[in-house]
Amino acid sequence: MAGGKSEGGRGQGEGAIYGLLAKLDTLAVWRDQGIITDIVLSTWHGEIDRYPALRDRLDAGEFVLIESAPPLVKAFGHTLHQSKALHYALQVIPVDAMVLKMRADLGALDDN
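Within each chain, residue numbers correspond to sequence positions counted from 1 in written order. It should be noted that, the model being predicted, local features are given only for residues of pLDDT at least 70 and side-chain atom pairs only at 80 or more, the latter also being counted only at that level, while totals for whole chains, interfaces and linings use all residues. Calculated side-chain values reflect all of the structure's heavy atoms, with hydrogen atoms and water omitted.

J.: Got a minute to help me understand helix α3 (residues 79-90) in this structure?
T.: Every α-helix winds through 3.6 residues per turn, so residues three or four apart in the chain are directed the same way. Taking 1.5 Å of rise per residue, twelve residues should cover 16 Å, and α3 covers 16 Å from first to last C-alpha, within 8% of that figure. Think of it in three bands: with a 1.4 Å probe and only protein chains considered, a residue is buried below 20% of the maximum accessible area for its type, exposed above 50%, and partly exposed in between. Runs of H or I in DSSP of at least four residues are treated as helices and runs of E of at least two as strands, each being numbered from the N terminus. Within α3, burial applies to His81, Ala85 and Ala89. End-on view of α3: buried residues confined to an arc of 65°, all on one side of the axis. Contacts were defined at the residue level, with two residues in contact if any of their heavy atoms lie within 4.5 Å. Those residues of α3 that are buried lie in contact with β1 (40-44) and β2 (64-68). Here a helix's expected span is defined as the number of its residues, less one, multiplied by 1.5 Å. This arc is built from the directions going out from the helix axis to the C-beta atoms.

Rendered as structure tokens:
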């Protein structure tokens, strides 16, 4: 959620949080409709506290949080970062669960 620029000229971190909050809204509706059962957010230590609105939603029990230290090595497309976040998220879900993996900073989660 940090670095670079996203659409509209906002910093990627700023744009990503708005995208993530919108995705959480959609996922919460899907959970309420019984389409999904749980929401797991895997990120780096301290990231949640950078975004008060996200911290509020965690405190309200809207999702399960998994935090870990970011990888020390940066690879093309942050593939090691993506792999590590996914690995730790998969540790807390049932073995037979279907997983929808998404990034907060890429793409919308809507009907379009």
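J.: Can you walk me through the pairing of β1 in this structure?
T.: Looking along a regular strand, one sees the side chains alternate between the two faces of the sheet. Burial analysis of β1 places four of its five residues in the buried class, the great majority of the element. Crossovers are marked right-handed if the path from the first strand over the helix to the second runs clockwise, as seen with the strands pointing away from the viewer. Taken together, β1, helix α2 (residues 52-59) and β2 form a β-α-β motif whose crossover is right-handed.

J.: Sorry, what's going on with α2 here?
T.: Here α2 has its buried residues at Leu54, Arg57 and Leu58. On an axial view of α2, the arc spanned by its buried residues comes to 105°, and they lie on one face. Facing away from the buried side of α2, by more than 90 degrees, are the exposed residues Pro52 and Asp59. Taken from the residues just after α2, Gly61 is the one with a positive phi, measuring 80°.

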